[in-house]
Amino acid sequence: MTTTVEHPHRRRPTRRREGRPWTFYVLAGVFIAYVLALYGPMFCIYLLSFQDIRGGLVFPMKGFSLHWFNDLFTQVRTGDVKGGFQRSIQLALLVTVITVVVSFIAGLAFRRRFRGDSIVFYLMIGSLVAPGLVLGIGVGLLFQYFGVSPHWTTSALGAQLSWTLPFGVLIMFAVMSRFDRSWEEAARDLGATPWQTIWLVIVPILTPGIVAVALFGFTLSYDEFARTLQTSGSLNTLPLEIWSMTLNVTSPSLYALGTVTTIVSFVIIGICLGTIALIQKRRTQRAATH
Amino acid sequence: MSTERRQGDIELAGVGKRYDDIVAVEGINLKIPDGAYCCFLGPSGCGKTTILRMIAGHEDPTFGDILIGGENVVGMAPIERRTAMMFQSYALFPHLSVRDNIAFALRVRGVPKAERYKAADEMIEKVQLTELAHRLPGQLSGGQQQRVALARAAITGPRVLLLDEPLSALDEQLRIQMRQELRRMQQDLGITFIHVTHTQLEAIALADLVVVMERGKIKQAGGAREVYVSPHDRYVAEFLGGQNVLSGKVEKVNGASLVMRGPKLEGFEVPVAGKTAVTQGDKVDIAVRRDDIRLLRPESAAIAPGNPHLSTRVQAIEYQGYFVKVMLDAIGDDEFVAYVTERDFFSDPLKVGDIVVATWQSDHTLLLA
């Protein structure tokens with residue numbers, strides 16, 4: 001047997017020190033700074049909206065109350081917040097429904113290639129990159145040219161769809177790419193009609209993706225500003241109302257409005273995620289309890 | 001009963017499929033008897049899946065007719081053909097439980113809930129999945145998923161079941177187990193099974209009728225033993241394996257046999273066995289089963305007169321358990337391998353580099369087309 005003489009020092013492997021490397025702390029610091037920069041300003045607004053009647057637009061906080069929320073919905077001088085809010089919600093719901101239906105159908109159409117499919121695709125993406133303000137002015141001009149007065153249910157709806165539809169379709173493409181065509185073939189093989197295939201197989205499998213499209217459609221419409229500015233006619237949506245308020249309201253009720261709209265957004269996101277979770281839970285539960 | 005029994009026979013009459021410029025299947029003719037287990041065997045891209053999908057009704061032939069039970073089914077929906085397909089990845093509906101997956105065909109047909117669940121439960125019992133009836137497909141193993149797919153396809157009482165590479169998603173051990181289950185299921189149902197695979201062993205283990213394909217054409221169709229033991233040509237012999245394919249020149253033709261000479265091979269007699277007319281000077285291929293080759297030490301070589309023999313060298317040795325694979329020097333471009341039974345090999349073990357004499361009985365030589 002060959003005997004290997006080992007150097008006593010060489011045998012010790014270079015031990016890694018316990019704990020994290022210094023780069024971890026640097027990167028963590030950068031991340032914390034980023035989060036502060038992202039949420040800090042918003043948090044200031046939320047905080048300042050809870051001041052009492054002595055409150056101003058800047059720190060320090062003066063007292064703590066819900067006074068400005070009350071002011072928001074009762075005072076006329078702050079603008080038509082209630083009406084703007086209602087219109088925005090209704091418009092967003094309308095946009096959501098149209099976006100979901102059209103995106104789903106477009107997703108089905110793009111499952112296979114067809115003549116001119118890339119032209120259709122780029123036309124759609126085109127309206128996504130077009131500057132919103134210009135697009136809004138264009139829509140407004142066109143309505144005026146045809147002698148139709150712009151209104152939030154017509155011109156604003158169209159202008160917003162030019163923004164939400166491409167998003168919806170892109171999400172649908174991503175969702176569809178994970179859809180196995182053989183599910184459809186299997187349904188056909190088992191005797192399902194095309195309608196049965198859509199309702200019993202495609203829609204249920206794609207539900208999470210469809211909810212995601214709806215969520216995007218709603219939030220994009222709900223806080224849309226650029227395209228709506230020139231197309232909403234005489235009645236404002238909420239973002240337009242907030243914008244006009246920044247010009248003439250100098251009280252924390254502006255901040256209160258910010259807080260309320262944020263809460264609405266979160267509630268809607270919560271509802272959507274809750275729906276997906278519920279569907280999944282029901283499926284597994286149905287599987288378990290029968 | 002007798003008319004019912006005959007419904008699952010399939011006839012492909014000049015069936016072809018073209019995609020733009022590419023010919024996937026060239027006008028093929030084939031008859032598959034009712035209740036047969038038929039395997040389409042070939043490398044990927046040979047057109048076997050296209051044929052399956054055309055029989056299933058998921059693809060229309062460019063030309064030719066497909067007859068099931070004597071009836072031309074081209075243009076009919078799968079359900080009208082009374083065929084059912086089991087997809088390669090099983091294509092189980094991920095949002096439905098095992099029971100709902102199996103009952104799906106009855107649901108779309110408007111069968112009332114109680115009735116369709118009763119039928120589904122019977123089917124579930126048949127494939128031994130009763131405990132898992134309420135699971136979702138994602139919660140099942142590969143083998144269990146296959147059983148669900150099988151049950152889902154069989155519930156409509158098809159006369160033909162089409163299986164697209166049904167075992168390819170499973171690991172080796174499970175594959176052998178599920179192979180037996182497929183065969184058992186086919187015998188239970190008593191219907192025609194058409195199974196597409198690229199695995200030779202799978203095809204010959206299962207099928208009554210093996211159809212070997214290459215580039216859209218049928219190379220040979222016959223029983224498992226027939227295609228393995230008497231391959232029609234070089235392609236079939238090499239694809240099914242187990243054969244040494246050697247080429248040589250015809251020296252003399254005398255009636256039922258011919259004398260052939262090849263590189264390193266002295267003239268020896270090959271039975272013609274009614275094969276295509278060959279004349280002197282023709283280049284021919286022959287096949288010799290690897291387990292028919294005997295390896296002898298040169299000093300003790302006692303070769304029966306007339307038997308082909310050649311001196312060669314051991315290149316590599318692979319232990320395979322019940323036999324030993326001895327790879328020898330190639331003859332020309334052709335691989336030359338001997339399968340020696342385990343006991344024979346170890347009674348006088350060879351080493352890599354040893355010179356040996358390889359010989360076989362001349363009437364074990366098969367003349368290829």
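Residues numbered from 1 in each chain as written. Chains lettered and ligands numbered in written order. Predicted model: local features only at pLDDT ≥ 70, side-chain atom pairs only at ≥ 80, totals over all residues. Heavy atoms only, no water.

Time to look at the overall build of chain B. The helix and strand tally for chain B stands at 11 helices and 20 strands. Each of the three principal axes of chain B carries a C-alpha extent, and together these read 80 × 45 × 40 Å. Among the 369 residues that make up chain B, the fraction classed as buried is 51%. If you take every contact in chain B between residues at least 6 apart in sequence, the share linking residues at least 24 apart comes to 66%. Of the roughly 16800 Å² that chain B leaves accessible, carbon and sulfur atoms contribute 48%. For chain B, the centre of its 43 positive side-chain charges and the centre of its 48 negative side-chain charges are spaced 3 Å apart. (Helix = DSSP H or I, 4+ residues; strand = E, 2+ residues; numbered from the N terminus. Buried < 20%, exposed > 50% of the residue type's maximum accessible area, 1.4 Å probe, protein only. Contact = heavy atoms within 4.5 Å. Areas by Shrake-Rupley, 256 points an atom, 1.4 Å probe, with all protein chains shown as cover. Lys, Arg positive; Asp, Glu negative; His and termini not counted. Charge placed at Lys NZ, Arg CZ, Asp CG, Glu CD.)

To continue, consider the interface of chain A and chain B. Counting residues at the interface gives 22 residues for chain A and 26 residues for chain B. The contact between chain A and chain B buries some 2100 Å² in all, and 61% of this surface belongs to carbon and sulfur atoms. The tally of links between chain A and chain B comes to one salt bridge. Of the charged contacts in the structure, one is a salt bridge between B:Arg53 and A:Glu185, with a shortest N-O distance of 2.5 Å. The interface formed by chain A and chain B contains eight residue pairs in polar contact (both at pLDDT 80 or more). In terms of residue count, helix α7 (residues 181-189) of chain A provides more of the side of chain A that touches chain B than any other element does, seven residues in total. Looking at side-chain class alone, the side of chain A that touches chain B contains 11 nonpolar, five polar and six charged residues. (Buried area = accessible area lost by both parts, 1.4 Å probe. Salt bridge = Lys/Arg side-chain N within 4 Å of Asp/Glu carboxyl O. Polar contact = N/O pair within 3.5 Å; in protein donor to acceptor, adjacent residues only side chain to side chain. Nonpolar A, V, L, I, M, F, W, Y, C, P; charged D, E, K, R; others polar.)

All names here are of chain B. With five of its five residues buried, strand β7 (residues 160-164) lies for the most part within the structure. Summarising the sheet, strand β6 (residues 83-86) and β7 pair through four bridges and their orientation is parallel. Along β7, the bridge assignment pairs Thr 83 with Val 160. Direction of pairing for β7 relative to strand β8 (residues 192-197): parallel, over a ladder of five bridges. Note on β8: the bridge partner recorded for Leu 163 is His 195. The parallel pair β7 and β8, bridged by helix α7 (residues 172-189), forms a crossover whose chirality is right-handed. (Pairing = 2+ DSSP bridges. Right-handed = clockwise from strand over helix to strand, strands pointing away.)

Moving on to the sheet that holds strand β3 (residues 37-41) of chain B. Hydrogen bonds along the backbone pair up the strands of a sheet, which may run parallel or antiparallel. All names here are of chain B. Strands sit in the order β6-β7-β8-β3-β9-β10 across an open sheet of six strands; the sheet is mixed. Of all the strands in the sheet, just β6 and β10 (217-222) have a single pairing partner and so form its edges. Taken pair by pair, the neighbouring strands of this sheet meet at an average axis angle of 20°, ignoring direction. Seen against the sheet, helix α6 (residues 142-154) touches β6 and β7 and runs at an angle of roughly 165° to β6. (Axes fitted to C-alpha atoms, helices over the stretch in contact; angles between N-to-C directions.)

With that settled, the discussion passes to the packing of helix α3 (residues 81-109) of chain A against helix α6 (residues 155-176) of chain A. Residues and elements named next belong to chain A. Between α3 and α6, the least distance of the axes is 8 Å, while the angle of their chain directions is 40°. Here α3 is positioned oblique relative to α6, judged by the angle of their axes. In this structure, α3 meets α6 at a crossing whose hand is right-handed. Contact residues: Leu 91, Leu 94, Val 95, Ile 98, Thr 99, Val 102, Ser 103, Phe 104, Ala 106, Gly 107 and Leu 108 in α3; Ala 156, Leu 157, Gln 160, Leu 161, Thr 164, Leu 165, Gly 168, Val 169, Met 172, Phe 173 and Met 176 in α6. The class makeup of the residues in the contact of α3 with α6 is 16 nonpolar, six polar and no charged. (Parallel < 35°, antiparallel > 145°, perpendicular 65-115°, else oblique. Left-handed = near helix turned anticlockwise from the far one by under 90°.)

A few words now on the domain arrangement of chain A. Residues and elements named next belong to chain A. When cut into domains, chain A gives domain 1 (22-65) and domain 2 (80-289). Taking the mean C-alpha position of each, domain 1 and domain 2 sit 31 Å from one another. Opposite the nine residues of domain 1 that make contact, domain 2 presents eight residues. Carbon and sulfur atoms make up 73% of the surface buried where domain 1 meets domain 2, a total of about 720 Å² over both sides. At the surface where domain 1 touches domain 2, the tally comes to zero salt bridges. Connecting domain 1 to domain 2 are two residue pairs in polar contact (both at pLDDT 80 or more). (Domains from an automatic or database assignment.)

This brings us to the pattern of salt bridges. Residues and elements named next belong to chain B. Using the criterion set out here, one finds 25 salt bridges over all chains in the structure. The salt bridge involving Lys 219 is made with Glu 214; its shortest N-O contact spans 3.5 Å. What makes Lys 219 partly exposed here is its relative accessible area of 27%. If you follow the salt bridges from partner to partner, you end up with Arg 234, Glu 238, Asp 285 and Asp 334 in one network.

All names here are of chain B. For chain B, the assigned domains read domain 1 (2-234) and domain 2 (242-295 + 307-367). For domain 1 versus domain 2, the separation of C-alpha centres amounts to 38 Å. Across the boundary between the two partners, domain 1 contributes five residues, which contact nine residues of domain 2. In this assembly, domain 1 packs against domain 2 so that about 650 Å² is buried in total across both faces, 49% of it on carbon and sulfur atoms. Area buried by domain 1 at its contact with domain 2 is led by Tyr 228, Pro 231 and Arg 234, which between them contribute 72% of it. At the surface where domain 1 touches domain 2, the tally comes to two salt bridges. Asp 285 is paired through a salt bridge with Arg 234; the nearest N and O atoms lie 3.2 Å apart. Counting across the domain 1 and domain 2 interface gives three residue pairs in polar contact (both at pLDDT 80 or more).

All right, on to the environment of B:Phe268 then. All names here are of chain B. Note on placement: Phe 268 falls in strand β13 (residues 265-271). Residue Phe 268 is classed as buried on the basis of its relative accessible area of 2%. If we ignore the near neighbours within four places in the chain, the residues touching Phe 268 are Leu 258, Val 259, Met 260, Ile 286, Gly 306, Pro 308, Trp 360 and Thr 365.

A separate point is the packing of aromatic side chains. Aromatic ring pairs are described here by two measures, namely the spacing of the ring centres and the angle between the planes. In total, this model carries 21 aromatic pairs over all chains according to the counting rule given. On the numbers, 5.5 Å between centres and 40° between planes, the contact of B:Tyr37 with B:Phe193 is tilted. In this pair, B:Tyr37 is assigned in strand β3 and B:Phe193 in strand β8, connecting sequence segments 156 residues apart. Across the pair, exposure class does not vary: B:Tyr37 and B:Phe193 are buried alike. Looking at A:Arg20, its charged tip hangs above the ring of A:Phe24, at a distance of 4.3 Å from the centre. (Phe/Tyr/Trp six-rings, centres within 6.5 Å; stacked < 30°, edge-to-face > 60°. Lys NZ or Arg CZ within 6 Å of the ring centre and 35° of its normal.)

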